[in-house]
Amino acid sequence: MTRHHFKGGPHTHGQSHGERAPGSIGMTTTPGRVFRGKRMAGRMGNERVTIKKLKVVEVRDDGILVKGLVPDIKQGC
């Protein structure tokens, strides 16, 4: 749901475990298959990224001061 911004099912009217279920994924007899590239469950985030062209400005006891584009959360410090 978070990965593809799916809305999800109703949270009431007898839905005991269907709020986060994907629902139907394929079609009927024609074409009778699931198309390639169908948005389905998988991993999201927590990727290890190597950043090039960073300069180490200073090494301190509490951390390292780095100059360059360092990935961070939105609105980070």
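Since this is a predicted model, take the numbers as computed values, not measurements. Counting from 1, residues in each chain are numbered in the order their sequence is written. Under the rules for a predicted model, residues below a pLDDT of 70 receive no local features and side-chain atom pairs below 80 are neither given nor counted, while totals for whole chains, interfaces and linings still include all residues. Computation of side-chain values covers all heavy atoms of the structure but excludes hydrogens and water.

1. Focus on the overall build of the protein chain
Step number 1: Each helix and strand in the protein chain was counted, giving zero helices and two strands.
Step number 2: Every radius of gyration here is taken over C-alpha atoms, with the globule rule written as 2.2 Å times N^0.38, N being the number of residues. Since a compact globule built from 77 residues should have a radius of gyration of about 11 Å, the 22 Å found for the protein chain marks it as more spread out than a globular shape.
Step number 3: Along the first, second and third principal axes, the C-alpha atoms of the protein chain reach 65 × 35 × 20 Å.
Step number 4: In the protein chain, which comprises 77 residues, the proportion classed as buried is 3%.
Step number 5: Contacts in the protein chain between residues at least 24 apart in sequence constitute 21% of all its contacts with a sequence separation of at least 6.
Step number 6: Counting every atom, the protein chain has about 8100 Å² of accessible surface; 53% of that belongs to carbon and sulfur.
Step number 7: Averaging the locations of the 15 positively and 6 negatively charged side chains of the protein chain gives two centres separated by 18 Å. Only DSSP runs of H or I covering at least 4 residues are called helices, and only runs of E covering at least 2 are called strands; the numbering of each starts at the N terminus. Exposure classes here rest on a 1.4 Å probe applied to the protein chains alone. A residue is buried below 20% of its type maximum, exposed above 50%, and partly exposed in between. Every residue pair with non-hydrogen atoms within 4.5 Å of one another is taken to be in contact. Residue exposure ignores everything except the shown protein chains as possible cover, and the areas themselves are Shrake-Rupley values with a 1.4 Å probe. Counted charges follow a simple rule, with Lys and Arg positive, Asp and Glu negative, and His plus the chain ends left uncounted. For this purpose, a charge sits on NZ of Lys, CZ of Arg, CG of Asp or CD of Glu.

2. A word on the pattern of salt bridges
Oppositely charged side chains can pair when the atoms bearing their charge come close.
Step number 1: Any Lys or Arg side-chain nitrogen found within 4 Å of a carboxyl oxygen on Asp or Glu counts as a salt bridge. On inspection of all chains with the given rule, the structure shows one salt bridge.
Step number 2: The closest approach of N and O atoms between Arg60 and Glu58, which form a salt bridge, is 3.5 Å.
Step number 3: Among the residues examined, Arg60 registers a relative accessible area of 44% and is labelled partly exposed.

3. Quick word on the layout of surface pockets
Where empty space is left can be seen by rolling a probe of water-molecule size over the atoms.
Step number 1: Estimates place the volume of the largest pocket at around 280 Å³.
Step number 2: Detection works on a 1 Å grid of protein atoms alone, calling trapped sets that fit a 1.4 Å probe cavities and calling open sets with protein on both sides within 12 Å along at least five of seven lines pockets, with lining residues defined by an atom within 4 Å of a point. Lining the largest pocket are 14 residues, and of these Met1, Phe6, Pro22, Met40 and Ala41 lie nearest its centre.
Step number 3: Any residue outside Ala, Val, Leu, Ile, Met, Phe, Trp, Tyr, Cys, Pro, Asp, Glu, Lys and Arg is labelled polar, Gly included; the first ten of those are nonpolar and the last four are charged. Each residue belonging to the lining of the largest pocket can be placed in one class, and the counts come to seven nonpolar, three polar and four charged. Grid points are joined across faces, edges and corners, and a volume is the space filled by probe spheres set on the points.

4. Observations concerning the environment of Lys55
Step number 1: Within the secondary structure, Lys55 is located in strand 1 (residues 55–59).
Step number 2: Look past the residues within four positions of Lys55 in its chain and what remains in contact with it is Leu65, Val66 and Lys67.

5. A short note on the environment of Lys38
Step number 1: Within the secondary structure layout, Lys38 lies in the segment before strand 1.
Step number 2: Lys38 sits in the partly exposed class, given a relative accessible area of 40%.
Step number 3: When the C-alpha positions of Lys38 and Gly26 are compared, they lie 9.2 Å apart, and in sequence the two are twelve residues distant.

6. Looking at the pairing of strand 2 (residues 64–67)
Step number 1: Between any two strands, pairing holds if DSSP finds at least two bridges. As paired elements, strand 1 and strand 2 share four bridges and run antiparallel to each other. Note that in strand 2 the partner of Val56 across the bridge is Val66.

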